[in-house]
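Single-letter residue listing:
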Amino acid sequence: MTCPQRCVFFAALGWDSGHDTLDLVADLGDYRPPAGASERATQAGVTITRAIRAESGAVLAFESSTFPSWARWFEPGDQNILVARDGEGAIAGTLLFEGPGTDSVFLPLLGPAAGTIGCVGVAPHRQSQGIGTAMVARASEILRDAGTRTCHIGWTVRESFYARAGYRPWRRYRMFRRTTGHPGTTP
Ligand SMILES: CC(C)(COP(=O)(O)OP(=O)(O)OC[C@H]1O[C@@H](n2cnc3c(N)ncnc32)[C@H](O)[C@@H]1OP(=O)(O)O)[C@@H](O)C(=O)NCCC(=O)NCCS
């Protein structure tokens, strides 16, 4: 992404330009998972299921140790969670999903049958074995069967990963940070 006039504007106010991030969407009306997605996860010895309430403690422990910044999103206990477990029953990955009718600020743009997938995380020692793709594909199928149309995945840098699962870029953002105050602005 090139830095247009507005980037110069924010830089002049003391904001430092950072990395780019993006949101992706897919119309799940006719969603089909990528070829071989579930087979690859099976070959990795992993089973993907919807978490039941009795698993919430184990899921929270996994988030707290593996993706601590996401743990609070798994806390309420009434979310839809997918869990990937290995042959010993250890959690290898998790994600959150919701829809149709997800409570999103983008609802007017995405339509009333919108859904979301987020906090997609695979334990570092189990990454690049197809588990993440299989989880996103499975969640998309569940959402499709529940009547979700546009599914939104926000705030990520993993474009090729989500594109392989059937999602396309929707919006791109340039992140800015400011660590010091600046005259005329709120610290
Ligand atoms: C992003 C993340 C969820 C991906 O999970 P994963 O299990 O490693 O995903 P997969 O194995 O399905 O795909 C990862 C890599 O494996 C390879 N791969 C996947 N499917 C493949 C296939 N069919 N054939 C060959 N290679 C394949 C690719 O190199 C791929 O990398 P790419 O998507 O960047 O091109 C994981 O890396 C992670 O937890 N990262 C930290 C948290 C994070 O950033 N989450 C996403 C933000 S919302």
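Whatever comes next refers back to the structure up there.
In this numbering scheme, every chain counts its residues from 1 along its sequence in written order. For a predicted model such as this one, the threshold for reporting local features is a pLDDT of at least 70, and the threshold for listing and counting side-chain atom pairs is 80 or more; totals across whole chains, interfaces and linings nevertheless cover every residue. To get the side-chain values, take all heavy atoms of the structure and skip hydrogens and water.

Looking now at the packing of aromatic side chains. Aromatic contacts are taken between Phe, Tyr and Trp rings whose centres are within 6.5 Å, Trp giving its six-membered ring; a plane angle under 30 degrees counts as stacked, one over 60 as edge-to-face, and the others as tilted. In the structure shown here, the tally under the stated rule is seven aromatic pairs. An angle of 65° between the planes, with centres 6.1 Å apart, marks the rings of Phe 62 and Phe 67 as edge-to-face. Between the aromatic rings of Phe 106 and Trp 170, the centroid separation amounts to 5.3 Å while the plane-to-plane angle is 85°, which identifies the pairing as edge-to-face. Residue Phe 106 is found in the loop between strand E4 (91-98) and helix H4 (107-110), and its partner Trp 170 is found in strand E7 (residues 168-177); the two are separated by 64 residues along the sequence. Taking relative accessible area as the criterion, Trp 170 reaches 27% and is therefore assigned partly exposed. Aromatic ring contacts, followed pair by pair, group Phe 9, Phe 10 and Phe 176 into a single cluster. A cation sits over an aromatic face here: Arg 171 above Trp 170, 4.7 Å from the ring centre. Helix numbers and strand numbers start at the N terminus; a helix is a DSSP run of H or I with at least 4 residues, a strand a run of E with at least 2. Burial here depends on accessible area, computed with a 1.4 Å probe over protein chains only, as a share of the maximum for the residue type. Under 20% is buried, over 50% is exposed, and the range in between is partly exposed. Any Lys NZ or Arg CZ that is within 6 Å of a ring centre and within 35 degrees of that ring's normal is treated as a charge sitting over the ring.

Let us now look at the site of the ligand. A cutoff of 4 Å decides nearness: a residue is near a molecule or strand if any of its heavy atoms lies inside that distance of it. Inspection of the region around the ligand gives 19 residues, with Val 122, Ser 128, Gly 130, Gly 132 and Thr 133 positioned closest. In the model, a nitrogen atom of the ligand is placed 2.9 Å from a nitrogen or oxygen of the Arg 40 side chain. By the criterion applied in these results, polar contacts are pairs of N or O atoms within 3.5 Å in which, for protein atoms, one can donate a hydrogen and the other can accept it, and in which residues neighboring in sequence qualify only through two side-chain atoms. Within the contact set of the ligand, an oxygen atom lies 3.3 Å away from a backbone nitrogen or oxygen of Phe 161. Here the Shrake-Rupley method, with its probe set to 1.4 Å, supplies the accessible areas, and only the displayed protein chains count as covering residues. In the complex, 71% of the free accessible area of the ligand, which totals 930 Å², lies under the protein chains. Broken down by secondary-structure element, the contributors of at least two residues to the shell around the ligand are strand E5 (115-122), helix H5 (131-145) and helix H6 (159-164). In terms of residue count, H6 provides more of the shell around the ligand than any other element does, four residues in total. Its residues assigned to classes, the shell around the ligand comprises seven nonpolar, nine polar and three charged. Note on residue classes: Ala, Val, Leu, Ile, Met, Phe, Trp, Tyr, Cys and Pro are nonpolar, Asp, Glu, Lys and Arg are charged, and everything else, Gly too, is polar.

We treat two strands as partners when DSSP finds at least two bridges between them. Bridge analysis of strand E2 (residues 47-50) against strand E3 (residues 80-85) gives four bridges, and the strand direction is antiparallel. From the neighbouring strand, Thr 47 faces E3, where its bridge partner is Arg 85. Across six bridges, the pairing between E3 and E4 is antiparallel. Its bridge partner being in E4, Ala 84 is matched across the sheet by Gly 93.

On to the nonpolar core, then. Nine residue types can take part in a nonpolar core, namely buried Ala, Val, Leu, Ile, Met, Phe, Trp, Tyr and Cys, and a core is a set of them joined through side-chain atoms within 4.5 Å. Counting residues in each nonpolar core, the largest one holds 32 residues, and the members touching the most others are Leu 95, Ile 117, Val 136 and Tyr 167. Among the elements of the structure, strand E1 (16-27), helix H2 (37-43), E3, E4, E5, H5, strand E6 (150-156) and H6 are those that each provide at least two residues to this core. Throughout, a contact is declared for two residues whenever any of their heavy atoms are within 4.5 Å. Ignoring sequence-local partners within four residues, the contact set of Tyr 167 consists of Leu 24, Val 25, Ala 26, Leu 28, Ile 117, Val 136, Ser 140, Cys 151, Ile 153 and Tyr 162. Core analysis: the second largest hydrophobic core is formed by 10 residues, Phe 74, Val 83, Ile 91 and Ala 123 among them.

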